[in-house]
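# Per-entry structural report
Listed below, chain by chain, are the residues.
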Amino acid sequence: MQNKRILVTGGAGFIGSNLANRLAEDNDVVAVDDLYLGTPENLSSDVEFVDASVLDDDLPTEGVDVLYHLAALSSYKMHEEDPTTGARVNIEGFVNAVEQARNDGCDTVVYATTSSIYGSRTEPSPESMDVVARTGYEASKLARERYAEYFHHHYDMHLAGMRFFSVYQGFGGAEEHKGEYANTVAQFAHKIANGERPELFGDGSQTRDFTHVDDIVRGLVLAAEHRLQGIYNLGTSESYSFNEMVSMINDALGTDVEPAYVENPFEVYVHDTMADYTKMHEATGWEPEVSFEDGVERVCEPYL
């Protein structure tokens, strides 16, 4: 994608800033963020930053060719602390941003939804399987998918909903500002590097399809270039337990820090995830390029 004007909401956040910086190499990129979880320090000087909320009525959508909508209260815990605000930001903010972009002539949207709606599965989860909203966060992301159907059928827009699987990069990248909301890979690596025992819920056997942010960014770029419509998974089709992850971090750091096992504090908790990325591969040729072994080494490298 070249010589396009692109708007990234949530653009100073973890995934958003990685995407904005990558796109700004060949495009005119504007990053909108209210700095709830983002920081302009994540952005390169080539990205225009606008401090604004997706609920505002004057978003910088004029002349935009592609809207990437990543802004959200992006976790179960964050959403449950204030469900009303969560619904406003995640649903109303999506409709508001898409509608303003549409009114200014943009018909290509790529947005973040969630893989947590698949529930706990040790087998690859295809987009075609039945999904259930068990939390307000999941309900808000499903609402986005339904509104995307509306914009597609009513206005002939192309809207690709990307279901991310456990995206990570590490505190040496753009995750540090997220603190307790950063991916467990980043949190555990930071603790182990500093001689602290990471806390694992239960017995540490829960698994995640850990997907490096570089692969996520490539998928997001391809989704816009191919003007995809519908729902697509971005994950590796491989899963690792938290115990395995801690062992890999220790190996990479040359440490021997044992985890601490604690009771799971969450009433609703997804124990296992794994993506089926066949649909995305068939549509664009995308497939993950960063193995988890390589990704863990990248996360740990700044501490060595």
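Model, not experiment: these values are computed from the prediction. (Residues numbered from 1 in each chain as written. Predicted model: local features only at pLDDT ≥ 70, side-chain atom pairs only at ≥ 80, totals over all residues. Heavy atoms only, no water.)

### Regarding the overall build of the protein chain
The secondary structure content of the protein chain amounts to 9 helices and 13 strands. The C-alpha atoms of the protein chain give a radius of gyration of 19 Å, which matches the 19 Å a tight globule of 304 residues would have. With the principal axes as the frame, the protein chain shows a C-alpha extent of 55 × 40 × 40 Å. Burial status across the protein chain gives 53% buried among its 304 residues. Relative to all contacts within the protein chain whose residues are 6 or more apart in sequence, the contacts with residues 24 or more apart total 78%. On the protein chain, roughly 13,000 Å² of surface is accessible, and the fraction owed to carbon and sulfur atoms is 43%. (Helix = DSSP H or I, 4+ residues; strand = E, 2+ residues; numbered from the N terminus. Rg over C-alpha atoms; globule rule 2.2 N^0.38 Å. Buried < 20%, exposed > 50% of the residue type's maximum accessible area, 1.4 Å probe, protein only. Contact = heavy atoms within 4.5 Å. Areas by Shrake-Rupley, 256 points an atom, 1.4 Å probe, with all protein chains shown as cover.)

### Quick notes on the UniProt feature "domain: NAD-dependent epimerase/dehydratase" (unreviewed entry) in the protein chain
Mapped onto the present numbering, the UniProt feature "domain: NAD-dependent epimerase/dehydratase" (unreviewed entry) falls at residues 6–235. Secondary structure across residues 6–235 divides into 35% helix and 19% strand, with the first and last C-alpha atoms of the span separated by 24 Å. (UniProt positions renumbered as here; feature names shortened; annotations may be inferred.)

### Points about the pattern of salt bridges
All told, the structure shown has 14 salt bridges when counted by the stated rule. Across the pair Arg-22 and Glu-25 runs a salt bridge whose closest N-O atoms are separated by 3.8 Å. One salt bridge connects Arg-146 with Glu-149, and the closest N-O pair in it is separated by 3.2 Å. With Arg-146 and Glu-149 both in helix α4 (residues 136–155) and 3 residues apart, this pair spans about one turn of that helix. Residue class for Glu-149 comes out partly exposed when judged on its relative accessible area of 37%. It is possible to trace a salt-bridge network through shared partners that takes in Arg-22, Glu-25 and Asp-26. (Salt bridge = Lys/Arg side-chain N within 4 Å of Asp/Glu carboxyl O.)

### What to know about the nonpolar core
Ranked by size, the top nonpolar core spans 37 residues in total, and within it Ile-15, Leu-19, Tyr-68, Met-162, Phe-164 and Leu-220 carry the most contacts. For this core, the elements supplying multiple residues, two or more each, are β1 (5–9), α1 (14–23), β2 (28–33), β4 (66–69), β5 (108–112), β6 (158–164), α6 (213–225) and β11 (230–234). For this core, the element with the highest residue contribution is α6, accounting for 8 residues. If sequence neighbours within four positions are ignored, Phe-164 has contacts with Ile-15, Leu-70, Ala-112, Ser-115, Ile-216, Leu-220 and Leu-234. In this structure, Val-185, Phe-210, Tyr-240 and Leu-253 belong to the second largest nonpolar core, which totals 20 residues. (Core = buried A, V, L, I, M, F, W, Y, C linked by side-chain atoms within 4.5 Å.)

### Focus on α1
Taking burial as the measure, the 10 residues of α1 include 8 buried ones, the bulk of the element. Among all positions of α1, only Phe-14, Ile-15, Gly-16, Ser-17, Asn-18, Leu-19, Ala-20 and Leu-23 are buried. Looking at the buried residues of α1, the elements they touch are β1, β2, β4, β6, β7 (167–168) and α6.

### A closer look at α6
Spanning 13 residues, α6 covers 18 Å between terminal C-alpha atoms, matching the ideal 18 Å at 1.5 Å per step. Buried residues dominate α6, accounting for 10 of its 13 residues. What α6 keeps buried is the set Val-213, Asp-215, Ile-216, Val-217, Gly-219, Leu-220, Val-221, Leu-222, Ala-223 and Ala-224. Just downstream of α6, Arg-227 is the residue with a positive phi angle, here 45°. (Expected span 1.5 Å × (residues − 1).)

### With respect to the pairing of β4
What you see with β4 is no split at all: Val-66 and Tyr-68 on one side and Leu-67 and His-69 on the other are buried throughout. The pairing of β1 with β4 spans 4 bridges and is classified as parallel. Within the sheet, the bridge partner assigned to Val-8 lies in β4 and is Tyr-68. (Pairing = 2+ DSSP bridges.)

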